[in-house]
Protein chains: 2
Amino acid sequence: VFQDFDLAAIYVSDAQYNRNIYFDTSPQAVRLYLLYNHWVLKVLLYFFILVDLSLALFEEPAVVPLPSWVTMLVELLCLLVFTLRLIHYAKVIPRDKFWKDPKNICIIVILLLTLVDMIIYGALKAANCYGVRWSRVLRPLLLVNVTEGRQLRRAFRSIRNALPQIFYVFLLFMFSVLMFSLMALKLLGKRGLTTIEGAPYFTSYLEIVFDLYVLVTTANSPDVMMPAYNASFVFAIFFILYILINTYIFMSVFLAVVYNNYKKYLKEEVRQLVRAKRHKMVRAFAVLQEQKEEGGDPVVSQASWNQVVHLVQPDISNAHRELLWSVCDDKNQGAIGKVAFVQLADLLNIEVITIKSRPHPLNSLCPAFYQSAPSRLLCRMVQHRAFVIVYDLIILVNAVFIGLDEENPMIANSEWVFLALYMLEILLKLYVFEPRAFFSRHSFWNWFDTIIVVSALVATIVNSAMKSSGGYTSRQILDIVFILRVLRLIRVVDSIKRFRTIINTLIRIGPAILTFGQLIIVVYYIFAMVGMELFKNKVKFYEDTSDPAKAYCGNPLLKGTAFAQLNYCKNNFNNVVSSFILLVELTVVNQCSGFATVTHMSARIFFVIFHIMVVIVIINIFVAFVLEAFFVEY
Amino acid sequence: VFQDFDLAAIYVSDAQYNRNIYFDTSPQAVRLYLLYNHWVLKVLLYFFILVDLSLALFEEPAVVPLPSWVTMLVELLCLLVFTLRLIHYAKVIPRDKFWKDPKNICIIVILLLTLVDMIIYGALKAANCYGVRWSRVLRPLLLVNVTEGRQLRRAFRSIRNALPQIFYVFLLFMFSVLMFSLMALKLLGKRGLTTIEGAPYFTSYLEIVFDLYVLVTTANSPDVMMPAYNASFVFAIFFILYILINTYIFMSVFLAVVYNNYKKYLKEEVRQLVRAKRHKMVRAFAVLQEQKEEGGDPVVSQASWNQVVHLVQPDISNAHRELLWSVCDDKNQGAIGKVAFVQLADLLNIEVITIKSRPHPLNSLCPAFYQSAPSRLLCRMVQHRAFVIVYDLIILVNAVFIGLDEENPMIANSEWVFLALYMLEILLKLYVFEPRAFFSRHSFWNWFDTIIVVSALVATIVNSAMKSSGGYTSRQILDIVFILRVLRLIRVVDSIKRFRTIINTLIRIGPAILTFGQLIIVVYYIFAMVGMELFKNKVKFYEDTSDPAKAYCGNPLLKGTAFAQLNYCKNNFNNVVSSFILLVELTVVNQCSGFATVTHMSARIFFVIFHIMVVIVIINIFVAFVLEAFFVEY
Ligand code: NA
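Computed from a predicted model, the values in this text were never measured in an experiment. (Residues numbered from 1 in each chain as written. Chains lettered and ligands numbered in written order. Predicted model: local features only at pLDDT ≥ 70, side-chain atom pairs only at ≥ 80, totals over all residues. Heavy atoms only, no water.)

> Any chance you could explain the overall build of chain A here in plain terms?
Assigned secondary structure in chain A consists of 29 helices and 3 strands. Its C-alpha atoms give chain A principal-axis dimensions of roughly 95 × 75 × 60 Å. Per-residue burial for chain A yields a buried fraction of 50% across its 634 residues. In chain A, the proportion of contacts linking residues at least 24 apart, taken out of those at least 6 apart, comes to 70%. A total of about 31000 Å² of accessible surface is found on chain A, and carbon and sulfur atoms cover 66% of it. One finds the centroid of the 58 positive side-chain charges in chain A at a distance of 3 Å from the centroid of its 45 negative side-chain charges. (Helix = DSSP H or I, 4+ residues; strand = E, 2+ residues; numbered from the N terminus. Buried < 20%, exposed > 50% of the residue type's maximum accessible area, 1.4 Å probe, protein only. Contact = heavy atoms within 4.5 Å. Areas by Shrake-Rupley, 256 points an atom, 1.4 Å probe, with all protein chains shown as cover. Lys, Arg positive; Asp, Glu negative; His and termini not counted. Charge placed at Lys NZ, Arg CZ, Asp CG, Glu CD.)

Right, here's the structure in full:
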């Protein structure tokens, strides 16, 4: 029987990490596939995606302007890397599979369009014409379509799945907004009321629709109501009803629909993952199987099994491997059947925490000292509950000291005392607990403490060295010192058990928040690119406070508007950083009246679409996700 | 065997309506109990509660000022009614049960405190001193503690149940706010930044905590960030992190905790209700049971059963009663055991819709005409799908006409055409469908249509009669006409099936929204009473636009503040109506900087407590409730 251990190991490892690539099984393709999965190549790919995305910092409108030939050269390099990665992928999987996979087609289209756009832009630049780099909106789609973007694709699929249901609720919601607007037009339009800026109030239907849509986001509450309310308190009832129905009931219905779809979809995805995993393990079994006795079921011998496990996880300890084998081969037959083999992928994912405590290195080095009475007393003290309480009290006192004025020399010096106390705590713990256990992968708080305290120590030393040498204090280093000092206080929550469960749930949902982060970045990036083309330099921020144009953000249309009066000039689309920050603000509160003033009314469509995409869809999925995570934990 | 049919009927009816009163079983108490449950007395009770609550409209600070002796006389009358009702209740239930029930004690305490307060207030008034009617905050508690407030008490219990868990999350949330505030103080306090009003920015710790707490409600976004963001975009990261953690994650966790508790509590309540219902039916059975054969199980004969059902529901038809009996006595033995008897309460709650269609009255009156070919063609036409589509199109055309200027005589006259078309639709439907079926209790949309169209017709006729007689148009009648016209358009959603399911769910959650309405009124009323004492006349609204004090809401402290500039003067606590409207605004967006300016800093505590109570607790329970309702439906 020919057994291809490499191939089996790849199947097992694919099952373990939920990879879903149907690679060619020819030896050459398998070797290429192993290379394709190498972490260095993956890191490189993400590095170049990051470079490609951050080109927006240097392209017009730029944070740091660079000549366009520089950014275009870098972009060409990125395109080259993506093309090479794609060719590599094409060599790994069968040709027909490659062309049937929409994500490959997507990447090819993105690369071609980018190239076309670069050529057009270069030609226009050479002819001194105005050009738009429209292909920039395609860049974040690379994040979605690379093979490694599985989680992100799943998130987008879950959104696409929820869309039909959201759409019907959205239609009904818009119908309600339109009806209320019509009623507002009829009730309020003819009363000759004026807004605070003196403009006629609620006389144009489209304006009313937009104002009432924004009211759903609560951004213009209570401003939009005030003229009517000042005329008569009866009109307040209209607005209260509106908010009850559209803000509270409809927004809850959106959440319900999104949440329901999310749960259904999640279940279906998990089922598919389990099926795919089983399928791969069955293939691995087919490669490894032997016929032990005539007519009996095929099995995998312990020797083959060991070899595969060794290939999949080279760093596995012998003890661990034998434990896994004894779990699989529970009847001690020296070989396992298909059913027992299939569970290997899950077994490998279970982290075995070594219960057997290792002796402390000091105990091995000089047992006489470590086991002496004072040393043992110290160990008991450190492990005592009172030790935790004392240090919690120290943290609280420290919090008060941080709040006080640090210019006071007494306070400034007290910082050294606290740092010494914290260092002492870490050293004492290292004395008592085995260092490798103390810094094990799951001891989040030990890592947290040590990193924070050591960096605070380093930063404080650097700071006082600079101060004593030149009398000069770096604002940046001081800021870091302050942040570290405050972060240190967080650890007090770990002492209270109720808090710990909540915090642990939050930490556990951390990785999934990263997927949401990518999702948000994809959407924000696209909106930022479009927004920059539509709104760049419409609103300007002046560092120079003496410039008279500062009072109206450099745009005469904004003279006397609330936007300029509230000094919102820096909320603009003049570069990618301020665009991102503005989009975050729009997510929180859809405050966009300023941009509607300086551009055409239709610019409001941009803001409404953004609100629908981000707040109604993505934020609700995020909330659904946090809800589900907490329901599972509690 | 003595069978007390009255007693059994009361047990069954208590089980049917989920009443939970352990009344005395003496004949006199039973008679009193029947009287106690009479709907007239209940309506009277709620009427007097309403009168008591609306006294706030007439007491200082009043919407319509009345002399205090008038309001106090009315209040005394209300107190008398409540006392009589309580005495009635005391006669109905055993004495020890009465004194063990906290809701009775609550009512007695409320009544006594109110009396004491009235005496003190009267004495102070007589002595020309300043008095506060502090007992007014107790009034809404009557709504909770009357026997009929079961649903409301359940809602409060569910809140009380969720409180411990909310409390721990809240502590963690506040810890996070405090940590971020400390960091903000250290990072931003020393940079010499100023707010838009020129005040120092982020220099006082308590101010920062309050500003960042308000940021969680998104009310002061992005204002609170702008000075730091204008200094450097790096600080925006601080605020974005803050909003991510505290607004998005923590608020979702609050929702998760509230929702989880709500579901758990709901299940427990339903279980208890089922248990109590069974218990009462068992008692009814015990009263009615006979021993049919020696040593056999006790049973209830059909005769006794009939008598009880007749007492419980006098208007039940013989056919319906016989149907119910045949369901219970499925083996046709002429008597039923305990198990079959217990289900009676649920059977009575099932509404039996008569499937057998009654013939149309016209068909009975002159069958020759009604069955003639043209008449039958008409019936087929009205029942055809095209009829619905034609009327949907008419509604859409109507919507466009409503949007156009109604001063145009063509448009004004078209209204008569539309009214005629709608009347025609209703008459045609009444011609085709049996009128009693058309106006059955479940035909929500038929009722809706008829009421809206008929009232629109009446209002339009009245309006044009007034116009042609005196050339005078009443604004109020015109408003009603407009509202009715727009409401008519709503019915278009009923034609689309997807919309119908959503709308039906919304209609079904209607009654429960009434309970939430009561809950909100209780909380708002208490906050309104306290708020009026704290803030009355601090901010004034001037109808007279020429008054110079209007520019700063009559309070020099507000000169130049955003509050006065945005013309928020009517957002005040000067009477109970504007207090309620302001509290709604605070629920939507916690915009309270104006009141913090005119009063002491500590007034902010009022707004924070309101936010915690209403937004974090009650609104989340409301959202949880809508979510649950939609999960059950979908
Ligand atoms: Na808001």
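From this point, the discussion proceeds with the structure in view.
> In this structure, what is going on with the interface of chain B and chain A? I would like to understand it.
Accessible area lost when the parts come together is the quantity often used to give the size of an interface. Counting from both sides, the interface comprises 84 residues of chain B and, opposite them, 84 residues of chain A. Between chain B and chain A, a total of about 8400 Å² is buried, with carbon and sulfur atoms accounting for 73% of that surface. The residue B:Asp479 makes a salt bridge to A:Arg191 at a minimum N-O spacing of 2.4 Å. For the pair chain B and chain A, the number of links is 12 residue pairs in polar contact (both at pLDDT 80 or more). Contributing elements (two or more residues each) for the side of chain B that touches chain A: α8 (150-188), α10 (226-231), α11 (234-288), α19 (385-403), α23 (475-489), α24 (497-508), α27 (576-588) and α29 (603-633) of chain B. (Buried area = accessible area lost by both parts, 1.4 Å probe. Salt bridge = Lys/Arg side-chain N within 4 Å of Asp/Glu carboxyl O. Polar contact = N/O pair within 3.5 Å; in protein donor to acceptor, adjacent residues only side chain to side chain.)

> In this structure, what is going on with the nonpolar core? I would like to understand it.
A general feature of soluble globular proteins is that nonpolar side chains tend to end up buried together. A:Phe239, A:Phe341, B:Phe239 and B:Phe341 are the most contacted members of the largest nonpolar core, which totals 395 residues. If sequence neighbours within four positions are ignored, B:Phe341 has contacts with B:Val12, B:Met281, B:Ala284, B:Phe285, B:Leu288, B:Val300, B:Trp305 and B:Ile336. (Core = buried A, V, L, I, M, F, W, Y, C linked by side-chain atoms within 4.5 Å.)

> Help me out: how do you make sense of a nonpolar patch on the surface in this one?
On the surface, a cluster of nonpolar side chains totalling about 810 Å² of accessible area is made up of B:Trp99, B:Ile105, B:Val109, B:Leu113, B:Val116, B:Ile120, B:Tyr130, B:Val132 and B:Trp134. With respect to the helices and strands, the residue B:Ile120 is situated in helix α6 (residues 102-126). (Patch = residues over 30% accessible without salt bridge, like charges linked within 9 Å, V, L, I, M, F, W, Y side chains within 5 Å.)

> Help me out: how do you make sense of the environment of A:Asn572 in this one?
All names here are of chain A. You can see Asn572 is positioned in the loop between α26 (562-565) and α27 (576-588). Of the residues examined, Asn572 reaches a relative accessible area of 4% and is grouped as buried. In the structure, Asn572 is positioned 40 residues away from Met532 in sequence and 8.7 Å away in space, judged by C-alpha atoms. Among all residues touching Asn572, those that are not within four sequence positions of it are Val539, Phe541, Ser578, Ser579, Leu582 and Phe595. At a separation of 3.1 Å, a polar atom in the side chain of Asn572 contacts the main-chain carbonyl oxygen of Cys569.

> Even after reading the chapter, I still don't get the environment of B:Phe595, so can you show me in this structure?
All names here are of chain B. Tracing the backbone shows Phe595 in helix α28 (residues 593-598). The spatial distance from the C-alpha of Phe595 to the C-alpha of Pro298 is 71 Å, given a sequence separation of 297 residues. Beyond its immediate stretch of four places on either side in the chain, Phe595 contacts Phe535, Val539, Phe563, Asn571, Asn572, Phe573, Leu582 and Phe607.

> Just checking my understanding: could you explain the coordination of the sodium ion for this structure?
By definition of the ideal shapes, a tetrahedral metal site with four donors has angles of 109.5 degrees and an octahedral site with six donors has angles of 90 or 180 degrees. With distances of 2.3 Å, the protein atoms coordinating the sodium ion are A:Thr218 (OG1) and B:Thr218 (OG1). Highlighted residues: A:Thr218 in the loop between α9 (205-216) and α10 (226-231) and B:Thr218 in the loop between α9 (205-216) and α10, drawn from two different chains. On the basis of relative accessibility, which here comes to 14%, the residue A:Thr218 falls in the buried class. (Donors = N, O, S within 2.8 Å, 3.2 Å for Na, K, Ca; no water.)

> So what exactly am I meant to see when it comes to the domain arrangement of chain A here?
Domain parsing of chain A yields domain 1 (22-146), domain 2 (163-353), domain 3 (361-495) and domain 4 (510-633). Between domain 1 of chain A and domain 2 of chain A, the C-alpha centre-to-centre distance is 28 Å. (Domains from an automatic or database assignment.)

> Where do I start with the state of the cysteines in this structure?
Simply put, disulfide is the name for a covalent bond between the sulfur atoms of two cysteines. Residues and elements named next belong to chain A. Counted by the stated rule, this structure contains 2 disulfides over all chains. Here Cys553 pairs with Cys569 through a disulfide, and the sulfurs are 2.1 Å apart. Negative torsions about the S-S bond denote left-handed disulfides, and the value of about -70° found for Cys553 with Cys569 makes this one left-handed. Of this pair, Cys553 sits in the loop between α25 (510-535) and α26 while Cys569 is found in the loop between α26 and α27, placing the two residues 16 residues apart along the sequence. You can call Cys553 buried: its relative accessible area is 0%. Looking at Cys366, it has no disulfide partner, and the nearest cysteine sulfur is the one in Cys379, 12 Å off. (Disulfide = S-S within 2.5 Å.)

> In this structure, what is going on with the sheet that holds strand β3 (residues 335-336) of chain A? I would like to understand it.
The strands that make up a sheet pair up through hydrogen bonds in the backbone, lying either parallel or antiparallel. All names here are of chain A. Ordered by their spatial adjacency, 3 strands build an open sheet running β1-β2-β3, and the pairing between neighbours is antiparallel. A strand with exactly one partner marks an edge of an open sheet, and here the two such strands are β1 (290-291) and β3. In this sheet, strand β2 (residues 298-301) lies alongside β1 in antiparallel orientation, the contact comprising 2 bridges. Residue pairing across strands places Gln291 opposite Pro298, the latter belonging to β2. Packing of helix α11 (residues 234-288) onto the sheet brings it into contact with β1, β2 and β3, and relative to β2 it is tilted by some 80°. (Pairing = 2+ DSSP bridges. Axes fitted to C-alpha atoms, helices over the stretch in contact; angles between N-to-C directions.)

> Help me understand α23(B) in this model?
Every α-helical turn comprises 3.6 residues, leaving residues that sit three or four positions apart pointing alike. Look at α23(B): 22 Å from first C-alpha to last across 15 residues, which is about the 21 Å you get at 1.5 Å a residue. Those residues of α23(B) not exposed but buried are B:Ile477, B:Leu478, B:Asp479, B:Val481, B:Phe482, B:Leu484, B:Arg485, B:Val486, B:Arg488 and B:Leu489. Structurally, α23(B) contributes buried residues whose contacts are with α8 (150-188) of chain A together with α19, α20 (409-432) and α22 (444-470) of chain B. (Expected span 1.5 Å × (residues − 1).)

> Can you help me understand empty space enclosed by the protein in this one?
Rolled over the atoms, a probe as big as a water molecule pinpoints where empty space is left. Tallied over the full model, the rule gives 14 cavities of 30 Å³ or more. Its volume calculated, the largest cavity comes out at about 1100 Å³. Residue lining of the largest cavity: 38 residues in total, with A:Tyr248, A:Met251, B:Thr247, B:Tyr248 and B:Met251 positioned closest to the centre. For the lining of the largest cavity, the elements supplying multiple residues, two or more each, are α11, α27 and α29 (603-633) of chain A together with α11, α27 and α29 of chain B. Taken together, the residues that form the lining of the largest cavity break down as 22 nonpolar, 16 polar and no charged. (1 Å grid on protein atoms, 1.4 Å probe; cavity = no way out; pocket = protein on both sides within 12 Å on 5 of 7 lines; lining within 4 Å. Points joined across faces, edges and corners; volume = space filled by probe spheres on them. Nonpolar A, V, L, I, M, F, W, Y, C, P; charged D, E, K, R; others polar.)

> How do you make sense of the environment of A:Glu533 when you look at a structure like this?
All names here are of chain A. Its location among the elements puts Glu533 in helix α25. The exposure class assigned to Glu533 is partly exposed, which follows from its relative accessible area of 27%. On a C-alpha basis, the gap between Glu533 and Lys125 in space is 17 Å, while along the polypeptide they are 408 residues apart. With residues up to four places along the chain from it excluded, the contact list for Glu533 reads Tyr130, Val132 and Arg136.

> I keep staring at the pattern of salt bridges and nothing clicks. Help me out?
Summed over the entire model, instances satisfying the criterion amount to 48 salt bridges over all chains. Of the charged contacts, one joins B:Arg139 and B:Glu59 as a salt bridge, the two residues approaching to 2.7 Å between their closest N and O atoms. Highlighted residues: B:Arg139 in helix α7 (residues 139-145) and B:Glu59 in the loop between α3 (39-54) and α4 (68-92), separated in sequence by 80 residues. For the pair shown, B:Arg139 and B:Glu59 are each scored as buried. Sharing partners across several salt bridges, the network here consists of A:Asp52, A:Glu59, A:Glu75, A:Asp117, A:Arg133, A:Arg136 and A:Arg139.

> Hey, could you run me through the relation of the copies chain B and chain A in this one?
The two chain copies are connected by a rotation around an axis plus a translation along it. Superposition record for chain B on chain A: RMSD 0.1 Å, screw rotation 180°, translation along axis 0.0 Å. Between the two chains, the operation in question is that of a two-fold axis. The position closest to the rotation axis in chain B is occupied by the C-alpha of B:Ala219, lying 4.0 Å away. Most of the interface of chain B is mirrored in chain A, where 100% of its interface residues again form contacts. (Least-squares fit on C-alpha atoms with pLDDT ≥ 70 in both.)

> What exactly am I supposed to notice about the packing of helix α18 (residues 373-383) of chain A against helix α20 (residues 409-432) of chain A here?
A pair of packed helices is captured by two measures, namely the crossing angle of their axes and the spacing between those axes. Residues and elements named next belong to chain A. Relative orientation of the contacting elements α18 and α20 amounts to 115°, with a least axis distance of 10 Å. Handedness of the crossing formed by α18 with α20: left-handed. Contacts between α18 and α20 involve Ser375, Leu378, Cys379, Val382 and Gln383 from the first element and Leu428, Lys429, Tyr431 and Val432 from the second. Of the residues contributing to the contact of α18 with α20, the split by class is 6 nonpolar, 2 polar and 1 charged. (Left-handed = near helix turned anticlockwise from the far one by under 90°.)

> Help me out: how do you make sense of the packing of aromatic side chains in this one?
Each pair of aromatic rings is reported with the distance of its centres and the angle of its planes. Taken as a whole and assessed by the stated rule, the structure comprises 85 aromatic pairs over all chains. On the basis of an interplanar angle of 80° and a centroid distance of 5.0 Å, the ring pair of B:Phe438 and B:Phe439 is categorised as edge-to-face. Classification of B:Phe439 by relative accessible area gives partly exposed; the value is 27%. Through successive ring pairs, a cluster of aromatic residues spans A:Tyr524, A:Tyr525, A:Phe527, A:Phe535, A:Phe573, A:Phe580, A:Phe606, A:Phe607 and A:Phe610. Residue placement shows A:Lys263 over the ring face of B:Phe631; its charged tip is 5.1 Å from the ring centre. Lying across the ring of B:Tyr552, B:Lys559 places its NZ or CZ 4.6 Å from the centre. (Phe/Tyr/Trp six-rings, centres within 6.5 Å; stacked < 30°, edge-to-face > 60°. Lys NZ or Arg CZ within 6 Å of the ring centre and 35° of its normal.)

> Please clarify how the pairing of β2(A) should be interpreted in this entry.
In the case of a regular strand, side chains alternate between the two sheet surfaces. All names here are of chain A. A loop of 6 residues connects β1 with β2, the two strands running antiparallel in sequence, and Gly295 in this loop sits at a positive phi of about 75°. For β2 and β3, the ladder comprises 2 bridges, and the chain directions are antiparallel. If you follow Val300 over to β3, its bridge partner there is Ile336.

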